[in-house]
Amino acid sequence: MLIADHNSPVRRFNVSRSLILQVGGGVLLMAGLALGATVHYFQVARDAAENRILREENLTLRGQLKTVRERIEHIGSTLDRVERFDQKLRSITLLSDPQRNLAMGPVEQAPGVGAPAAETQFTELTSMESPKALVGKLDRLSAEATRQEQSLQEMQAYFQDQKSLLASTPSIWPTRGWVTSDFGQRLDPYTAERVTHAGMDIAAPHGKEVSAPSDGTVVFAGLEGGYGNVIVIDHGYGIKTRFGHLSKILVKAGDRVKRGVPIAAVGNTGRSTGPHLHYEVRVNGIPQNPRKFILEE
């Protein structure tokens, strides 16, 4: 019943139970749909936020992956240069490396074929490589770096040995003066006979300092027949030097001496015609011309 204000007539309506149930069901359906839409909206909003975070992480990972690729490419290029330099050093020093089939000295190439460049397997990277492929390349880079380290250690040992050899090679004048008798054939000042002179005689004032021409160990210091006071230094590698007619000996057998260190003084002991130094260089017991070992002017 609808009862209006004032004098309006009262209106009556009859509503069936089924209509009420239908309207109620429709309302409940609309409410359910609204609730479902609301829940779905929040789920979509949450997924959108997660997707945005994932996209940002994906962009970050892509940037990091690009940086990793660039670093791998840089490391690969560096290893390529190191290997080329290693080959060049081995060709200069005549060192061979059977592991990498590097022969002693430079290798001739067939006509039309350039010099063998270092492997470029580490520098050929594409932007579509997977992390798994990058891990494989990193493993190969690690193995190559280990091999290069071993090779460089071998080169270091070689140059260390060369450094020791250079330090042990006589290269300076033991004393300054006038060379009165050179290496080779000469007339003996006492007998006037032609004999072989195993060293050189350097005339200098009595008492002038005599220095070690290179690093070594004193193996003899004392009197030796016609050479008077003598010092013998073993420089290693089969090289020995002898100093005769000394007036004073400043070292003893067993002493280690360095290049340029005073070891004696010029004298006139033994079979001598005046103050001078008799200087010999022997390699594996064979006398050599001392001038070949002197680098000074």
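Quick summary incoming for the structure in this document. Given the structure is predicted, the values throughout are model-derived calculations rather than measurements. (Residues numbered from 1 in each chain as written. Predicted model: local features only at pLDDT ≥ 70, side-chain atom pairs only at ≥ 80, totals over all residues. Heavy atoms only, no water.)

**With respect to the packing of aromatic side chains**
Item 1. Using the criterion set out here, one finds two aromatic pairs in the structure.
Item 2. Centroid distance Tyr41 to Phe42: 5.6 Å. Interplanar angle 70 degrees. Geometry classified as edge-to-face. By the burial criterion, Tyr41 is exposed, and Phe42 matches it.
Item 3. Here the basic side chain of Arg242 rests over the ring of Tyr227, its NZ or CZ set 5.8 Å away from the ring centre. (Phe/Tyr/Trp six-rings, centres within 6.5 Å; stacked < 30°, edge-to-face > 60°. Buried < 20%, exposed > 50% of the residue type's maximum accessible area, 1.4 Å probe, protein only. Lys NZ or Arg CZ within 6 Å of the ring centre and 35° of its normal.)

**So, the side chain of His197**
Item 1. Summarising the element assignment, His197 is placed in strand 3 (residues 194–197).
Item 2. One polar contact links the side chain of His197 to the main-chain carbonyl oxygen of Asp182, over a distance of 3.0 Å.
Item 3. Not counting residues within four places of it along the chain, the set of residues in contact with His197 comprises Ser181, Asp182, Phe183, Gly184, Arg186 and His278. (Helix = DSSP H or I, 4+ residues; strand = E, 2+ residues; numbered from the N terminus. Polar contact = N/O pair within 3.5 Å; in protein donor to acceptor, adjacent residues only side chain to side chain. Contact = heavy atoms within 4.5 Å.)

**Examining the nonpolar core**
Soluble globular proteins: nonpolar side chains tend toward being buried together.
Item 1. Counting residues in hydrophobic clusters, the biggest one holds 22 residues, and the most contacted among them are Val210, Ile231, Ile233, Phe243 and Ile263.
Item 2. Listing elements by their share of this core, those giving two or more residues are strand 4 (200–203), strand 7 (229–236), strand 8 (239–249), strand 10 (262–266) and strand 11 (276–283).
Item 3. Contact partners of Ile231, with chain neighbours within four places excluded, come to Val218, Phe220, Ala221, Thr241, Arg242, Phe243, Leu246, Ile249, Val251, Ile263 and Ala264. (Core = buried A, V, L, I, M, F, W, Y, C linked by side-chain atoms within 4.5 Å.)

**Considering the pairing of strand 8**
Item 1. Across six bridges, strand 7 lies against strand 8 in antiparallel orientation. Note that in strand 8 the partner of Asp234 across the bridge is Lys240.
Item 2. Between strand 7 and strand 8, which pair antiparallel in sequence order, lie two residues; one of them, Tyr237, sits at a positive phi of approximately 60 degrees.
Item 3. By the bridge criterion, six bridges tie strand 8 to strand 11 in an arrangement that is antiparallel. Residue Gly244 lies in a different strand from strand 11, and its bridge partner there is His278.
Item 4. Pairing of strand 8 with strand 10, which is carried by three bridges, proceeds in the antiparallel orientation. Bridge assignment links Leu246 to a residue of strand 10, and that residue is Val266. (Pairing = 2+ DSSP bridges.)

**A word on a nonpolar patch on the surface**
Item 1. Taken together, Val15, Leu19, Ile20, Val23 and Val27 make up a surface patch of nonpolar side chains, about 450 Å² in accessible area.
Item 2. Within the secondary structure layout, Val27 lies in helix 1 (residues 17–93).
Item 3. For Val27, a relative accessible area of 52% gives the class exposed. (Patch = residues over 30% accessible without salt bridge, like charges linked within 9 Å, V, L, I, M, F, W, Y side chains within 5 Å. Areas by Shrake-Rupley, 256 points an atom, 1.4 Å probe, with all protein chains shown as cover. Salt bridge = Lys/Arg side-chain N within 4 Å of Asp/Glu carboxyl O.)

**A look at the pattern of salt bridges**
Item 1. One pass over the full model with this rule turns up six salt bridges.
Item 2. Its salt-bridge partner being Arg282, residue Glu280 comes within 2.9 Å of it at the nearest N-O pair.
Item 3. One connected set of salt bridges, linked through shared partners, spans Glu224, Arg242, Glu280 and Arg282.

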